[in-house]
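# Notes for the structure review
In case you want the letters, here they are:
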Amino acid sequence: MTEPTTTKPTWTLADSEALYRVKDWGQDLFQINDQGNLAVCPTGLHGPQIDLKQLTDDLEQRDLSAPLLIRFTDILKYRLDAIAGAFAKAIADHDYQGAYQAVYPIKVNQQRHVVEEMLEHGSAHRFGLEAGSKPELLAVMAMVDDPDTPIICNGFKDASFIEAVILATKLGKNIIPVIEKFSELQLIID
């Protein structure tokens, strides 16, 4: 008697797409490539793509092992352009007479190279930074060279923070303090 032959089901690209649902979360920046691997497209789906499995394999050949933090700065530029473009379109579509100016709250990611990339790529759209504490403000003051770049000062403001805000203004920085309480206003007046 012959034994029945069993065939192993073939995994397809459609199987990977259905399982990982990359189209639902990857926007135009991630996709499943022809090999069934996750690929990053740092400048959108029509630009170059990087096979993340192949990249990981290549890094392991150099004795670098997971977990790894890999940052694609083109994604930040792509997203900043998309945000600015969406607001420009909405402003034009609705004949809005005001302007839009985004700010990046550095509490999201305070790593110097991330904030520098944000400033560099966001400068074309006049993006600014938000500092929520005196240490954040001091870091932002050291990084912002353009006197037109807005620095929003938000969060709890004690006398020390207010003093740093006033000093930053005297140094020619474009400081916009967000006053949330009368006590903060009194500190500024004093």
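Everything quoted here is computed from the prediction, not taken from an experiment.

### Points about a nonpolar patch on the surface
- Taken together, I179, F182, L185 and I189 make up a surface patch of nonpolar side chains, about 440 Å² in accessible area.
- Relative to the elements of secondary structure, I189 occurs in helix α8 (residues 182-189).

### What about the packing of helix α6 (residues 134-143) against helix α7 (residues 159-170)?
- Running from N to C, α6 and α7 cross one another at 15°; their axes reach a closest spacing of 9 Å. Considering the angle they form, α6 stands roughly parallel to α7. Relative to α7, the crossing made by α6 is left-handed. In contact with K134, L137 and M141 of α6, α7 contributes S160, F161, A164, V165 and A168.
- For the contact of α6 with α7, the residue count by class is six nonpolar, one polar and one charged.

### So, the pattern of salt bridges
- In total, this model carries six salt bridges according to the counting rule given.
- With its nearest N and O atoms 2.8 Å apart, the salt bridge here joins E116 to R112. One end of the pair, E116, and the other, R112, are both in helix α5 (residues 112-122), four residues apart, so they sit about a helical turn from each other.
- For E116, a relative accessible area of 36% gives the class partly exposed.
- Salt-bridge contacts for E184 lead to K157; the nearest nitrogen and oxygen are separated by 3.5 Å. Of this pair, E184 sits in helix α8 while K157 sits in the loop between β6 (150-153) and α7, and the two are 27 residues apart along the sequence.

Parameters at a glance
- Residues numbered from 1 in each chain as written.
- Predicted model: local features only at pLDDT ≥ 70, side-chain atom pairs only at ≥ 80, totals over all residues.
- Heavy atoms only, no water.
- Patch = residues over 30% accessible without salt bridge, like charges linked within 9 Å, V, L, I, M, F, W, Y side chains within 5 Å.
- Areas by Shrake-Rupley, 256 points an atom, 1.4 Å probe, with all protein chains shown as cover.
- Salt bridge = Lys/Arg side-chain N within 4 Å of Asp/Glu carboxyl O.
- Helix = DSSP H or I, 4+ residues; strand = E, 2+ residues; numbered from the N terminus.
- Axes fitted to C-alpha atoms, helices over the stretch in contact; angles between N-to-C directions.
- Parallel < 35°, antiparallel > 145°, perpendicular 65-115°, else oblique.
- Left-handed = near helix turned anticlockwise from the far one by under 90°.
- Contact = heavy atoms within 4.5 Å.
- Nonpolar A, V, L, I, M, F, W, Y, C, P; charged D, E, K, R; others polar.
- Buried < 20%, exposed > 50% of the residue type's maximum accessible area, 1.4 Å probe, protein only.

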